[in-house]
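An overview of the molecular structure
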Amino acid sequence: MKADVSIVLCTYNRADMLGRALESLVRQETGGEFRFEVVVVDDGSTDGTQVTIQKIAKDCQVPIRCLRGEGSGIAAARNTGGTAASGEWIAFFDDDQVAEPNWLKELLACAVQAGAEVVGGSVRLHLSDEEVRKISPICRSMLGETKGGRKLGKCFRKTFPGSGNMLVRATVFQAVGQFDESWTRGGSDIEFTARLRRAGLEAWFTPKAIVRHHVPAYRLKENYLFWRSLVGGNNFAYRDFK
């Protein structure tokens, strides 16, 4: 039976985190209102990724399909998953996240209510409240946190959803194209949403669609944040250059 929504999850050598991510996805609550599948794109992992996928898929009621990428990067992996997706809607999700049980249901509800073709939700850091308070808003953003507001509403340039929590109608890719695979150092999702804006497609945000982003200890160190800042700056410059 064809799915209404295809969740595309790309991964590379993160078997432990992938297991937690997949478990949260197959437990999504639908209320009997829609059907969904999970499309996992393994971009050439050499760890226990395949074993993790097979273990969860074995006794799962939710269809899980696994595709093998060629190690060409996250943009190519997302395109592989998007091309294989059977759903009218495609939800993009990262392997270092955990979704709240009503995450997908809330994204769809926002799309229906707003008549939107692109919807994003909240990404919160998987840290204690005390740890989060010690981190500046800019650094929290670099670690993956997104805040589009406290209520449902339109997204603006700086609040467009990222690929870790984004629902897109499949026909959008026919209008604006897929992710640019020349972006091999990250930032392909920012470039993609820039094309959405230029095409005049509105995106909406719902604070009720929540995912929690895992933050390993090394990402809280200065050298990681310096590196992340440099990569982000390079990506903005590369987009302007192109």
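First, a word on scope: everything that follows refers to the structure included in this document. Just so we're clear, the structure is a prediction, and the values are computed from it rather than from any experiment.

A few points about the nonpolar core
Val5, Ile7, Val38, Phe93, Trp103 and Leu167 are the most contacted members of the largest nonpolar core, which totals 33 residues. At the level of elements, strand 1 (5-11), helix 1 (15-26), strand 2 (36-42), helix 2 (49-58), strand 4 (89-94), helix 4 (103-114), strand 6 (118-125) and strand 9 (203-213) are the ones that each hand at least two residues to this core. Broken down by element, this core gets its largest block of residues, 6 residues, from helix 4. Among all residues touching Val38, those that are not within four sequence positions of it are Ile7, Leu22, Leu25, Val62, Pro63, Ile64 and Arg65.

Remarks on the pairing of strand 9
Judged by how many residues are buried, strand 9 sits mostly within the fold: 9 of 11 residues are covered. Where strand 5 (residues 97-99) and strand 9 come together, 3 bridges link them in antiparallel fashion. Looking at strand 9, one finds that Val98 is bridged to Arg212. Examined bridge by bridge, strand 6 and strand 9 share 8 bridges and lie parallel to one another. Within strand 9, the position partnered with Gly121 by the bridge is Thr206. Where strand 7 (residues 153-154) meets strand 9, 2 bridges bridge the pair, whose relative direction is antiparallel. If you follow Lys154 over to strand 9, its bridge partner there is Trp204.

Things to note about helix 8 (residues 188-198)
Taking burial as the measure, the 11 residues of helix 8 include 8 buried ones, the bulk of the element. The complete set of buried residues in helix 8 reads Ser188, Asp189, Glu191, Phe192, Thr193, Ala194, Arg195 and Leu196. At the exit of helix 8 stands Gly200, carrying a positive phi of roughly 80°.

Considering helix 2
Buried within helix 2 we find Thr49, Thr52, Ile53 and Ile56. Down the axis of helix 2, the buried side of the element spans an arc of 95°, and every buried residue falls inside it. The outward face of helix 2, more than 90 degrees from its buried face, is lined by the exposed residues Val51, Gln54, Lys55 and Lys58. Those residues of helix 2 that are buried lie in contact with strand 1, helix 1, strand 2 and strand 3 (64-68).

Some points on the side chain of Arg219
As for its placement among the helices and strands, Arg219 is situated in the loop between strand 9 and helix 9 (222-241). The exposure class of Arg219 is buried, given its relative accessible area of 9%. Side-chain polar atoms of Arg219 contact the side chain of Tyr218, separated by 3.3 Å. Arg219 has contacts with Arg14, Asp96, Leu143, His213, His214, Tyr224 and Leu225, leaving out every residue within four places of it along the chain.

What about the pattern of salt bridges?
Evaluated as defined, the whole model comprises 14 salt bridges. We note a salt bridge from Arg14 to Asp95, for which the minimum N-O separation is 2.7 Å. Highlighted residues: Arg14 in the loop between strand 1 and helix 1 and Asp95 in the loop between strand 4 and strand 5, separated in sequence by 81 residues. A salt bridge links Glu37 to Arg65, with the nearest nitrogen and oxygen atoms 3.0 Å apart. One end of the pair, Glu37, is in strand 2; the other, Arg65, is in strand 3, and 28 residues separate them in sequence. Residue classification places Glu37 among the buried positions, given a relative accessible area of 6%. Since its relative accessible area comes to 30%, Arg65 is described here as partly exposed.

Basis of the calculations
- For every chain, the first residue of the written sequence is number 1, and numbering continues from 1 onward in sequence order.
- A pLDDT threshold of at least 70 governs which residues receive local features in this predicted model, and a stricter bar of 80 or more applies before side-chain atom pairs are shown or counted, although totals over entire chains, interfaces and linings include all residues.
- Heavy atoms throughout the structure, all of them, feed into the side-chain values; hydrogens and water do not.
- In plain words, nonpolar cores are sets of buried Ala, Val, Leu, Ile, Met, Phe, Trp, Tyr and Cys residues tied together by side-chain atoms within 4.5 Å.
- Working definition: with a 1.4 Å probe on protein chains only, accessible area under 20% of the residue-type maximum means buried, over 50% means exposed, and in between means partly exposed.
- The way it works is that DSSP assigns letters per residue, a run of H or I at least four long becomes a helix, a run of E at least two long becomes a strand, and they are numbered from the N terminus.
- Here a residue-residue contact requires only that any non-hydrogen atoms of the pair lie within 4.5 Å.
- We treat two strands as partners when DSSP finds at least two bridges between them.
- The arc in question is the one spanned by the directions pointing from the helix axis to the C-beta atoms.
- Any pair of N or O atoms that falls within 3.5 Å is considered a polar contact. Within protein, one atom must be able to donate a hydrogen and the other to accept it, and sequence-neighbouring residues count only if both atoms are side-chain atoms.
- Here a salt bridge means any side-chain nitrogen of Lys or Arg lying within 4 Å of a carboxyl oxygen belonging to Asp or Glu.

These values are about where atoms sit, not about what they do.
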